[in-house]
Amino acid sequence: MRRTLLAKTESFPIAGAFTISRGAKTTAEVVTCTIGASGFSGRGECVPYARYGESVAGVLDAIEAMRGAIEDGMGREDLARAMPAGAARNALDCALWDLEAKLSGVPTWQVIDTAAPQRLVTAYTLSLGEPEAMQRQAAEHAWRPLLKVKVGTPDDAARIRAVRAGAPESAIILDANEGWTPENLAHHFALCAEARIALVEQPLPAGGDSALRDHARPIPVCADESVHRTQDVAALADRYDAVNIKLDKTGGLTEALALRKVARDHGLKIMVGCMVGTSLGMAPAVLLAQGADFVDLDGPLLLARDREPGLRYEGSNVYPPEATLWG
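Residues numbered from 1 in each chain as written. Predicted model: local features only at pLDDT ≥ 70, side-chain atom pairs only at ≥ 80, totals over all residues. Heavy atoms only, no water.

Some points on the pattern of salt bridges
Going by this rule: Criterion for a salt bridge: a side-chain nitrogen of Lys or Arg within 4 Å of a carboxyl oxygen of Asp or Glu. Secondary structure counts use DSSP, requiring at least four H or I residues in a row for a helix and at least two E residues in a row for a strand, with both numbered from the N terminus. Buried residues are those whose accessible area, probed at 1.4 Å on protein chains only, stays under 20% of the maximum for their type, while exposed residues exceed 50% and partly exposed ones sit between those limits.
Under the definition given, this model contains 26 salt bridges. Residue Glu-45 pairs with Arg-307 through a salt bridge whose shortest N-O separation is 2.9 Å. Of this pair, Glu-45 sits in strand β3 (residues 40-46) while Arg-307 sits in the loop between β12 (294-295) and β13 (313-314), and the two are 262 residues apart along the sequence. In this structure, Glu-45 and Arg-307 share a single accessibility class: buried.

Structure below.
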């Protein structure tokens, strides 16, 4: 069965700006793959991420390099052996999942042998800013059950206290984006305990997080930048309590499902997260996130404009994708 492959870039404006410790952006630049066969087509979306050495041009080149193999019928397992984990493989892998569902008429959730997917409660992300501005953000969204808050400065005490004051009842995830140090870790952990923080994400730089092994952790700590592939999990289990699985890191749903299983086997909690992208990028992650301990799939909520059709969001609830979108 001969296939066709199309890859293109798309830009979606962010509502305002999205700011973390590494900088700010006002648009989400995504790469979309469409693989066609027998009158059907499957789509996948990825977000190239500079932190991992990726660019839009580089991802397009990596996808183009696979054109011959994909058009000749390469499957997901062979794709995983032929390409490294990352955004390019994610777009291709998810497009293949979607194409399989369209060709067979069997939804992806049945293929991965899970129960019918249910709606999930997703975190809503608050950008890094001055404490007063972050308190206003938190107060505006205090009705949401789960907030994810970007921090990661040398001293986040005022920010942590401000966000808790703004949203006294919400569960809060703090994402330090590798911005803390072994020297200020105990200080920040104490503040987290004081503020009843539910989870701290990637406090130390990837490759420099061994200090977590020797620190008392009064709140659960989640690996993000430190975990990309299934092979990463064993080395991290002694210093983290949870892992954040993102399709753009794992290189697609195929590897993400394997990583989830291995992480659970190691007794780690599961968080399913995302880059800032559209509903097409979130859709396979909604299936992955069924049964997860923490869900952070708010990418479309941060955009000024999403795809049509997109995922259904009601408040902080996100519903499984319809076949017209993905899977």
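Points about unusual backbone geometry
Residue Pro-309 follows Glu-308 across a cis peptide bond; omega there is -5°. Position of Pro-309 relative to the elements: it lies in the loop between β12 and β13. One non-glycine residue, Asn-177, lies in positive phi territory at about 45°. Topologically, Asn-177 is positioned in the loop between β7 (171-175) and α8 (185-194). Positive phi values are uncommon outside glycine, yet Gln-202 reaches one of about 40°.

Quick notes on the packing of aromatic side chains
As a reminder, the rule being used: Note on aromatic pairs: the rings of Phe, Tyr and Trp (six-membered ring only in Trp) are paired at centre separations within 6.5 Å, and the planes decide the class, stacked below 30 degrees, edge-to-face beyond 60, tilted for the rest. In this analysis the charged atom, NZ for Lys or CZ for Arg, is taken to sit over a ring once it is within 6 Å of the ring centre and within 35 degrees of the ring normal.
A full pass over the atoms with the stated rule returns 1 aromatic pair. Against the face of Trp-97 rests Arg-76, its NZ or CZ located 3.6 Å from the ring centre. Sitting above the plane of the Tyr-124 ring, Arg-144 keeps its charged end 4.2 Å from the centroid.

Side note on the pairing of strand β11 (residues 269-272)
The cut-off we apply is this: At least two bridges found by DSSP between two strands are what make those strands a pair.
Pairing of strand β10 (residues 242-245) with β11 involves 4 bridges; the strand directions are parallel. Within the sheet, the bridge partner assigned to Ile-245 lies in β11 and is Val-272. Of the strand pairs in this sheet, β11 and β12 are connected by 2 bridges, and their pairing is parallel. Paired with Met-271 across the two strands is Phe-294, which belongs to β12.

Side note on the sheet that holds strand β2 (residues 23-37)
Under the convention used in this document: Axes, fitted as lines to C-alpha atoms, cover a helix only where it is in contact. Angles between the N-to-C directions of the axes lie from 0 to 180 degrees.
Judged by pairing direction, the sheet is antiparallel, and its 3 strands sit side by side in the order β1-β2-β3 without closing on themselves. One side of each edge strand has no neighbouring strand; the edge strands of this open sheet are β1 (4-20) and β3. Along the sheet, successive strands turn relative to each other by an average axial angle of 20°, direction set aside. With 7 bridges joining them, β2 and β3 adopt antiparallel strand pairing. Across the sheet, residue Thr-32 finds its bridge partner in β3, namely Glu-45.

Focus on the side chain of Thr-125
Worth spelling out the cut-off: Contact criterion: two residues are considered in contact whenever any of their non-hydrogen atoms come within 4.5 Å of each other.
Inspection of the secondary structure puts Thr-125 in strand β5 (residues 124-126). Thr-125 sits in the buried class, given a relative accessible area of 7%. Each residue touching Thr-125, except ones within four places of it in the same chain, is listed here: Phe-18, Lys-148, Lys-150, Asp-296, Asp-298 and Leu-302.

Examining the environment of Leu-253
Note on placement: Leu-253 falls in helix α11 (residues 253-265). As a C-alpha pair, Leu-253 and Asn-90 span 163 residues in sequence and 7.3 Å in three-dimensional space. Beyond its immediate stretch of four places on either side in the chain, Leu-253 contacts Asp-93, Cys-94, Trp-97, Thr-108, Leu-247, Pro-284, Leu-288 and Trp-326.

Focus: the nonpolar core
Inclusion rule: Take the buried Ala, Val, Leu, Ile, Met, Phe, Trp, Tyr and Cys residues and link them wherever side-chain atoms come within 4.5 Å; each set so joined is a nonpolar core.
One finds Val-149, Leu-174, Trp-180, Val-243, Leu-297 and Trp-326 to be the most contacted residues of the largest nonpolar core, which totals 77 residues. With 7 residues, the single largest contributor to this core is helix α12 (residues 279-288). The residues touching Leu-174, leaving out its near neighbours within four places in the chain, are Val-149, Val-151, Ile-160, Trp-180, Cys-192, Ile-197, Leu-199, Val-200 and Glu-201. Ranked by size, the runner-up nonpolar core spans 20 residues in total, among them Cys-46, Val-59, Ala-95 and Leu-99.

Thoughts on the sheet that holds strand β14 (residues 317-318)
The sheet built from 3 strands is open, its strands ordered β4-β14-β13 with antiparallel pairing. Lying at the two open borders of the sheet, with one neighbouring strand each, are β4 (120-121) and β13. Pairing geometry for β4 and β14, over 2 bridges, is antiparallel. Paired with Leu-120 across the strands is Val-318, a residue of β14.

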